[in-house]
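# Close look at the chain arrangement
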Amino acid sequence: MIYTTNNSSFPDQVVPDAEKATLDYGLAVGRAIEGEWFRNNGRGNNGYATNYNNYHSLRLYARGEQPVQKYKDELAINGDLSYLNLDWKPVPVISKFVDIVVNGMSQRNYEIKAYAVDPFSTKKRTDYAKELMRDVQERELIQKLRDTLGVDVQSKASKELGLESEEELQLHLQLDYKQSVEIAEEEVINDILDRNRYDLTRRRLCQDLTILGISAVKTSWNKAEGVVIDYVDPANLVYSYTEDPNFEDLYYAGEVKSISLSDLKMQFPYLTDQEMETIQKYPGNQEYLRNWSGKQDDLTVQVLYFEYKSYSDQVFKIKETNTGLEKALEKPDTFNPPENDNFDRVSRTIETLYSGAKILGHPMMLKWELAEHMTRPTADTTRVKMNYTICAPRMYKGRVDSLVNRITGFADMIQLTHLKIQQVLSRVVPDGVYLDMDGLAEVDLGNGTNYNPAEALNMYFQTGSIVGRSLTQDGDPNRGKVPIQELQTGSGGAKIQSLIQTYQYYLQLIRDVTGLNEARDGSTPDKNALVGLQKLAAANSNTATRHLLQAMLYLTSRTCENVSLRVSDSLQFPFTRQALENSISRYNVATLDELSDLNIHDFGIFLELEPDEEEKQVLEQNIQIALKSGGIDLEDAIDLREIKNIKLANQMLKQRRKAKQKRDQQAQQANIQAQAQANAESAEKAALAEMQKQQALAETEVQVEQAKSQFEINKIQQKAEIDRQLLELKYQYDIKLKQMEKEQMDSKEKMIEDRKDERTRIQATQQSQLIDQRKNDLLPTDFEQNQDNPLLG
């Protein structure tokens, strides 16, 4: 027999683990949960039915499909509606506000960030940071070693990053540094979310938070599918009493599912045919259905799936071996031997989670077992997390409030006002005219015809003119001198205007209560309002619903944490491990190597939310100011806009501005040095040019003088040459003259000598002739005749 505590219907937890694992113990837990939620409270209702009906009503209001009987009772007279012919269809005014909030939250994108917090990863990150910090702090010494000794001790990462300050290092560690195991974890989580279509689930979570004020999601694991993320309808939830909006202190949680008999047999194949027949015939099914669904179905059963948190004592026997070593042997929690010198008993208490399934109204458990794969944080292995993640941001003393719940009363008043407007419109009659028949009878048109009503109305409607008579035919004053008068029946217009103002009043109350002003939905923007004021009003509206966004982010973050802890379970089985490796291989092949050691790491999971329009606008203003002032470059602005974290973006903006100022100062100094060097070079060049000019002038003068001297020399040489040539010519002429003179003299002397020789010859001839004449006694010779021919002589 399972005993319960004095103050609770739940079984006693101070029992051995073997007793907690029995079906009787699980049945006692299931009955206790069933009693808390499905036992009537004396008013013919129970907690489960109350929640279900309340959530069902809120969802109908959010869809604009709330029951109209209350409006009929309001307008009926003693229940009689025979004189009313109205359109009772509700005005879906709440639907717009729900869509605004839900779509606004669904559009806020985020990135999943995994931060390894295990000792190995922490040491790796610390060593990396120390290495970079050393290079930043000792960069002058490193440069001296490189210049003097030619030894480069700077790390490769520091060379690639080019960090120069500790601020740059901090930003690098926060923005850019990611260990490969962290990248692998992020890819695994994103892949699991994609496979489970978490984006669709997240939209349903946003709707539940807005409409019901509570939302839930379940993370489980099985060998066939791996990690599974399921949406949980809050109307089907059961949980232990809590005042925590995040439901962190639950000791049991579960949900009711309507399952067909075929699905029940598939989930629990060990059920016999007799048990299935008993379950089908058991009247408990109709009993529970009748209270909250209103439908009778003999082919489905209501199954309560629940988790129950307990504790267990882990006992170990520490035995000393013959070699002096110690060996730990796990023992049951009932192990309590007497003291012995050969061994010691050590123990610790850990949380445990039991999972069960029970048919509502049936005294039989379908399943009760110690959860095989519990979600335990690696940093605290004694704690256990439930598979259900629940959040109700506006919960007080166990009561849940929602945005739709606050405005249902105003929606009812808007619907009644709408019906009243229809009622007034149905009773409004058009303006008419009054005809005074006596006045018409006194009017004579003068054409032989009487002024009858038909002709009078035709004239009035076509021309707007009226023919009347101030005196009767007897000469008395005619009281019907104006025979046609318009009847004003516009009293309904004032009523309609008043009802429209009432409609607007309650609509404004909805905006005031929810904080969803006109700027949020853009329905009636003020043409005179500036764009900045419109954005400010929309930002204020976002602030009013920020708690819903934070609740959705909490659910997503906790789901990612559970997925991260469940990944290690997937890696322990070949089938799910292979499926996981195949699914993430499209991202990065290098991450596959990290999966083998993923289960030894512990991660902190957080969401980096994309900034909203207000935060983007503020950051953009800062960027534009910095750009206009020259504080940053265009490349810096592009990098800043890519950062999702506004705080880090502003820090990076400050760091980039300082770096830009430093670069500008260095550039300015370099410009000054360059200008000074340019001036010095210019002066040097000017002096050199002047010197070259003077040298050129001197060279020119020298060349001129040399040219003059050369010209004189050449002139003298030419003159000397001419003189020489003249002398030579004169000399030649003189020689020729001398030769001629000599020749003449020689010729003269020769002639003289020849004449002398001739005379001597003549003389000798003549002498010879004379001698011959004397000898021969010849006749005398006439030497004058033979003078012309000496031969003859």
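Model, not experiment: these values are computed from the prediction. (Residues numbered from 1 in each chain as written. Predicted model: local features only at pLDDT ≥ 70, side-chain atom pairs only at ≥ 80, totals over all residues. Heavy atoms only, no water.)

Each helix and strand counted, the protein chain has 26 helices and 15 strands in total. Across the 793 residues in the protein chain, those meeting the buried criterion constitute 37%. Within the protein chain, contacts between residues separated by at least 24 positions form 70% of all contacts whose residues are at least 6 apart in sequence. Counting every atom, the protein chain has about 47800 Å² of accessible surface; 51% of that belongs to carbon and sulfur. (Helix = DSSP H or I, 4+ residues; strand = E, 2+ residues; numbered from the N terminus. Buried < 20%, exposed > 50% of the residue type's maximum accessible area, 1.4 Å probe, protein only. Contact = heavy atoms within 4.5 Å. Areas by Shrake-Rupley, 256 points an atom, 1.4 Å probe, with all protein chains shown as cover.)

Two elements in contact, helix H5 (residues 93-106) and helix H15 (residues 403-427), have axes separated by 9 Å at closest approach and are oriented at 155°. Accordingly, the angle class assigned to the pair H5 and H15 is roughly antiparallel. Relative to H15, the crossing made by H5 is right-handed. Where H5 abuts H15, its residues Val-93, Ile-94, Val-98 and Val-101 lie against Leu-403, Val-404, Ile-407, Thr-408, Ala-411 and Ile-414. Partitioning the contact of H5 with H15 into residue classes produces nine nonpolar, one polar and no charged. (Axes fitted to C-alpha atoms, helices over the stretch in contact; angles between N-to-C directions. Parallel < 35°, antiparallel > 145°, perpendicular 65-115°, else oblique. Left-handed = near helix turned anticlockwise from the far one by under 90°. Nonpolar A, V, L, I, M, F, W, Y, C, P; charged D, E, K, R; others polar.)

Moving on to helix H3 (residues 47-63). With 17 residues, H3 extends 24 Å between its outermost C-alpha atoms, agreeing within 8% with the 24 Å of an ideal straight helix rising 1.5 Å per residue. Looking only at H3, the buried set comprises Tyr-48, Ala-49, Asn-51, Tyr-55, Leu-58, Leu-60, Tyr-61 and Ala-62. Among the residues of H3, the N-terminal cap falls to Asn-46, whose side-chain oxygen and the backbone nitrogen of Tyr-48 are separated by 3.2 Å. (Expected span 1.5 Å × (residues − 1). Polar contact = N/O pair within 3.5 Å; in protein donor to acceptor, adjacent residues only side chain to side chain.)

On to the confidence of the model for the protein chain, then. On average, the protein chain scores 77 in pLDDT, and the residues at 70 or more come to 82%. Here residues 524-541 is a poorly scored stretch, pLDDT under 50, and it has 16 contacts once near neighbours within four places are set aside; other chains count. Considering only residues more than four positions removed or in separate chains, one finds that residues 586-590, a stretch of pLDDT under 50, has four contacts. (pLDDT = per-residue confidence, 0-100.)

A word on the environment of Tyr-506. Within the fold, Tyr-506 resides in helix H18 (residues 491-514). When its relative accessible area of 17% is taken as the criterion, Tyr-506 is described as buried. Apart from the residues within four sequence positions on either side, Tyr-506 is in contact with Phe-410, Met-413, Ile-414 and Thr-417.

This part takes up the packing of aromatic side chains. Counted under the stated rule, the structure contains 13 aromatic pairs. Ring plane angle 35° and centroid distance 4.7 Å describe the contact between Phe-38 and Tyr-48, whose orientation is recorded as tilted. Residue Phe-38 is located in helix H2 (residues 23-38), and its partner Tyr-48 is located in helix H3; the two are separated by ten residues in the primary sequence. What makes Tyr-48 buried here is its relative accessible area of 0%. Ring pairing ties together the aromatic residues Phe-10, Tyr-25, Tyr-251, Tyr-252, Phe-306, Tyr-308, Tyr-354 and Trp-368, which thus form one cluster. It is Lys-20 that lies over the ring of Tyr-311; its NZ or CZ is 4.0 Å from the centre. Here Arg-204 stacks its cationic end above the ring of Tyr-231, 3.7 Å away from the centre of that ring. (Phe/Tyr/Trp six-rings, centres within 6.5 Å; stacked < 30°, edge-to-face > 60°. Lys NZ or Arg CZ within 6 Å of the ring centre and 35° of its normal.)

On to the side chain of Thr-219. Checked against the element boundaries, Thr-219 lands in strand E2 (residues 215-222). Overall, Thr-219 belongs to the buried group, its relative accessible area being 1%. Those residues in contact with Thr-219, other than ones at most four positions away along the chain, are Val-227, Val-228, Asn-387, Thr-559, Asn-562, Val-563 and Arg-566.

This model, assessed by the stated rule, comprises 13 salt bridges. Here Asp-191 ties to Arg-195 by a salt bridge, and the two come within 3.1 Å at their closest N and O atoms. Of this pair, Asp-191 and Arg-195 are both found in helix H10 (residues 180-195), four residues apart, which corresponds to roughly one turn of the helix. Of the residues examined, Asp-191 reaches a relative accessible area of 1% and is grouped as buried. (Salt bridge = Lys/Arg side-chain N within 4 Å of Asp/Glu carboxyl O.)

The subject of this paragraph is the environment of Gln-501. As for its position among the elements, Gln-501 is in helix H18. For Gln-501 and Thr-417, which are 84 residues apart along the polypeptide, the C-alpha to C-alpha distance reads 9.7 Å.

Quick look at the nonpolar core now. Ranked by size, the top nonpolar core spans 111 residues in total, and within it Ile-33, Leu-264, Val-303 and Leu-366 carry the most contacts. Residue contributions to this core peak at ten residues, all from helix H21 (residues 546-571). Sequence-distant contacts of Leu-264, that is, excluding residues within four places in its chain, are made with Ile-259, Leu-271, Met-276, Ile-279, Val-301, Val-303, Ile-359 and Leu-366. Residues Ala-637, Leu-640, Ile-643 and Leu-653 belong to the second largest nonpolar core, which totals 13 residues. (Core = buried A, V, L, I, M, F, W, Y, C linked by side-chain atoms within 4.5 Å.)

On to the side chain of Thr-210. Looking at where Thr-210 falls in the secondary structure, it is placed in helix H11 (residues 198-211). A polar contact of 2.9 Å, which involves the side chain of Thr-210, links it to the backbone oxygen of Cys-206. Sequence-distant contacts of Thr-210, that is, excluding residues within four places in its chain, are made with Val-98, Val-101, Val-102, Met-105, Ser-402, Leu-403, Val-404 and Leu-548.

Our next topic: the sheet that holds strand E3 (residues 226-232). Pairing within the open sheet is antiparallel, and its three strands lie in the order E3-E2-E10. Edge strands, defined here as strands with exactly one partner in the open sheet, are E3 and strand E10 (388-391). Going across the sheet, the axis of each strand differs from the next one's by a mean of 15°, ignoring polarity. (Pairing = 2+ DSSP bridges.)

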